[in-house]
Amino acid sequence: MNICVIGCGRWGSLITWYLDRIGHRVTLYGRSHSKRMQSFLTTRKNDLLSLPESVALTTELSAVDEAETIIISIGSQGLQALMEELAAYELKSKTFVLCMKGLEIGTGRRLSEIAKDNLDASNRVAVWLGPGHVQEFYRGVPNCMVIDSDDEDTKCRLVDAFSGDLIRFYYGSDLIGNEVGAAAKNVVGIAAGLLDGLHLSSLKGALMSRGTREVARLICALGGDERSAYGLCHLGDYEATVFSKYSHNRQFGESFAKGETYQNLAEGYYTVRAMLLLGEKYSVELPICEAVYHILYENAPPRDVLHELLARGLKGEFDD
């Protein structure tokens, strides 16, 4: 494939490196003022990897014109603005692959919805989701991920083209559930970090059990398959999000609980607002998301919020 990757951050560079490694023709786009992109242009390196000469580098967004497949890996809240920039190119008959996890903060829109709302109907949209950290992929540690799309042919073509010895891809079967589950796991990651920061990591078992059930209820209300909450895009991503030292969301939560500053992007911070918006719209109770929201946005003391969460009405283990 002739592929253009938009976004030169840790995931965009990993995707570029991986797709070049398995034989695709890849161009990496980054903005000219980006420090990461300037590093690649100067040395072809970031703090984790070196890109081979076979990878083309550009600061011209017009590179999308010649690509048959456009992969987007940027902060989820910037997707609408990017799609507005891309509108100038009047792109048709392209395949867009979204390698991001999030929900639009003000609307609750899934990322595939944002893309479709802004693209010509001749284009196809897919998502690339699931567990894994770039540091481990660079070391040759394999993992399993998911590609999903409303278009069956697009999904099958991408799974076939992108599979390799480092990433085993599964065919997604629930775009709604996989996107919501992937976004929501970042909120659970922040909650896990808050527990770590409070020295209450033993509660992560309860967090994983009840958090998954909470997300399953929302997926079902949105018209998805609640079983997706137990798949690779949500529960299957917990190890990388709830426990790993590389998880930005977990580390953000831990730093927040300790009163420390954390500079890296934690998508769950924005996603939790979108989750509550959807919960209210579809009448779904989301107690863990509500707890995280109260702590992050209303400055509620984490220990007090946790106490209130544990003091909720008694119920059976598998009750909603």
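See the structure shown above.
Computed from a predicted structure; not experimentally measured.

## Examining the environment of R21
Stage number 1. Within the fold, R21 resides in helix 1 (residues 10-21).
Stage number 2. According to the relative accessible area criterion, R21 is partly exposed, its value standing at 41%.
Stage number 3. As a C-alpha pair, R21 and L166 span 145 residues in sequence and 10.0 Å in three-dimensional space.

## Details of the pairing of strand 7 (residues 143-149)
Stage number 1. In terms of burial, strand 7 is a largely internal element, five of the seven residues being buried.
Stage number 2. You can see the chain leave strand 7, run along helix 6 (residues 152-162) and come back into strand 8 (residues 167-171), and the turn it takes is right-handed.

## Things to note about helix 10 (residues 248-257)
Stage number 1. For helix 10, a buried count of seven out of 10 residues is recorded, marking the element as mostly surrounded by other parts of the structure.
Stage number 2. Every buried residue of helix 10 is listed here: H248, N249, R250, F252, G253, E254 and S255.
Stage number 3. Next to the buried residues of helix 10 lie helix 1, helix 7 (175-197), helix 8 (204-221), helix 9 (238-243), helix 11 (268-281) and helix 12 (287-297).
Stage number 4. Following helix 10 by one or two positions, G259 adopts a phi angle in the positive range, close to 75°.

## Description of the packing of aromatic side chains
Stage number 1. Throughout the structure, instances matching the rule amount to 10 aromatic pairs.
Stage number 2. Ring geometry for W17 versus Y138: centroids 5.3 Å apart, planes at 90°, classification edge-to-face. Residue W17 is found in helix 1, and its partner Y138 is found in helix 5 (residues 134-138); the two are separated by 121 residues along the sequence. Each member of the pair, W17 as well as Y138, is classed as buried.
Stage number 3. Judged by centre distance (5.5 Å) and plane angle (35°), the ring pair of W128 and F162 falls under tilted. Placement of W128 in strand 6 (residues 124-129) and of F162 in helix 6 is noted, with a sequence separation of 34 residues between them. F162 carries the same exposure label as W128, and that label is buried.
Stage number 4. Among the aromatic residues, those joined into a ring-pair cluster are F252, F256, Y269, Y270, Y293 and Y297.
Stage number 5. The residue whose ring lies beneath R168 is Y170, and the NZ or CZ to ring-centre distance is 4.4 Å.

## Some words on the sheet that holds strand 3 (residues 56-58)
Stage number 1. Across the sheet, eight strands lie side by side as 3-2-1-4-5-6-7-8; this open sheet has mixed pairing. Since the sheet does not close on itself, it has two edges, and those belong to strand 3 and strand 8, each with one partner. Strand-to-strand, the axes of this sheet are offset by a mean angle of 25°, without reference to chain direction.
Stage number 2. Taken together, the four bridges between strand 5 (residues 95-98) and strand 6 define a ladder with parallel strand orientation. Across the sheet, residue L98 finds its bridge partner in strand 6, namely V127.
Stage number 3. Packing against the sheet, helix 2 (residues 35-43) makes contact with strand 2 (25-29) and strand 3, and its axis sits at approximately 135° to strand 3.

## Observations concerning helix 7
Stage number 1. Taking 1.5 Å per residue as the helical rise, helix 7 with its 23 residues ought to reach 33 Å, and the 34 Å between its terminal C-alpha atoms agrees with that figure.
Stage number 2. Taken across its 23 residues, helix 7 has 22 buried, putting it largely inside the fold.
Stage number 3. Where helix 7 ends, the next residue or the one after it, H199, has phi of about 60°, a positive value.

## With respect to the packing of helix 7 against helix 11
Stage number 1. Orientation of helix 7 relative to helix 11, taken along the N-to-C sense of each, is 115°, at an axis distance of 8 Å. The orientation of helix 7 relative to helix 11 falls into the category roughly perpendicular. Classified by chirality, the crossing of helix 11 by helix 7 is left-handed. Every residue of helix 11 that contacts helix 7 at A183, A184, N186, V187 and I190 is listed here: G268, Y269, T271, V272 and M275.
Stage number 2. For the contact of helix 7 with helix 11, the class distribution of residues is seven nonpolar, three polar and no charged.

## A short note on unusual backbone geometry
Excluding glycine, a negative phi dihedral is what most residues carry, and trans is how most peptide bonds are arranged.
Stage number 1. We note that R44 has phi near 65°; this positive angle belongs to a residue other than glycine.
Stage number 2. Here R44 lies in the loop between helix 2 and strand 3.
Stage number 3. Since its relative accessible area comes to 16%, R44 is described here as buried.
Stage number 4. Positioned with a positive phi, S93 is a non-glycine residue whose angle comes to about 55°.
Stage number 5. By the secondary structure assignment, S93 is in the loop between helix 3 (79-86) and strand 5.

## Considerations on the packing of helix 3 against helix 4 (residues 111-118)
Stage number 1. Relative to each other, helix 3 and helix 4 sit at 25°, their axes nearing to 10 Å. As the angle between them shows, helix 3 and helix 4 are arranged roughly parallel. For the pair helix 3 and helix 4, the crossing hand works out as right-handed. Counted together, L79, Q80, M83 and E84 of helix 3 and L111, I114, A115 and N118 of helix 4 form the full contact between these two elements.
Stage number 2. Taken together, the residues of the contact of helix 3 with helix 4 sort by class into five nonpolar, two polar and one charged.

Conventions and cut-offs
Residues numbered from 1 in each chain as written. Predicted model: local features only at pLDDT ≥ 70, side-chain atom pairs only at ≥ 80, totals over all residues. Heavy atoms only, no water. Helix = DSSP H or I, 4+ residues; strand = E, 2+ residues; numbered from the N terminus. Buried < 20%, exposed > 50% of the residue type's maximum accessible area, 1.4 Å probe, protein only. Right-handed = clockwise from strand over helix to strand, strands pointing away. Contact = heavy atoms within 4.5 Å. Phe/Tyr/Trp six-rings, centres within 6.5 Å; stacked < 30°, edge-to-face > 60°. Lys NZ or Arg CZ within 6 Å of the ring centre and 35° of its normal. Pairing = 2+ DSSP bridges. Axes fitted to C-alpha atoms, helices over the stretch in contact; angles between N-to-C directions. Expected span 1.5 Å × (residues − 1). Parallel < 35°, antiparallel > 145°, perpendicular 65-115°, else oblique. Left-handed = near helix turned anticlockwise from the far one by under 90°. Nonpolar A, V, L, I, M, F, W, Y, C, P; charged D, E, K, R; others polar.

On their own, these measurements won't tell you what the molecule is for.
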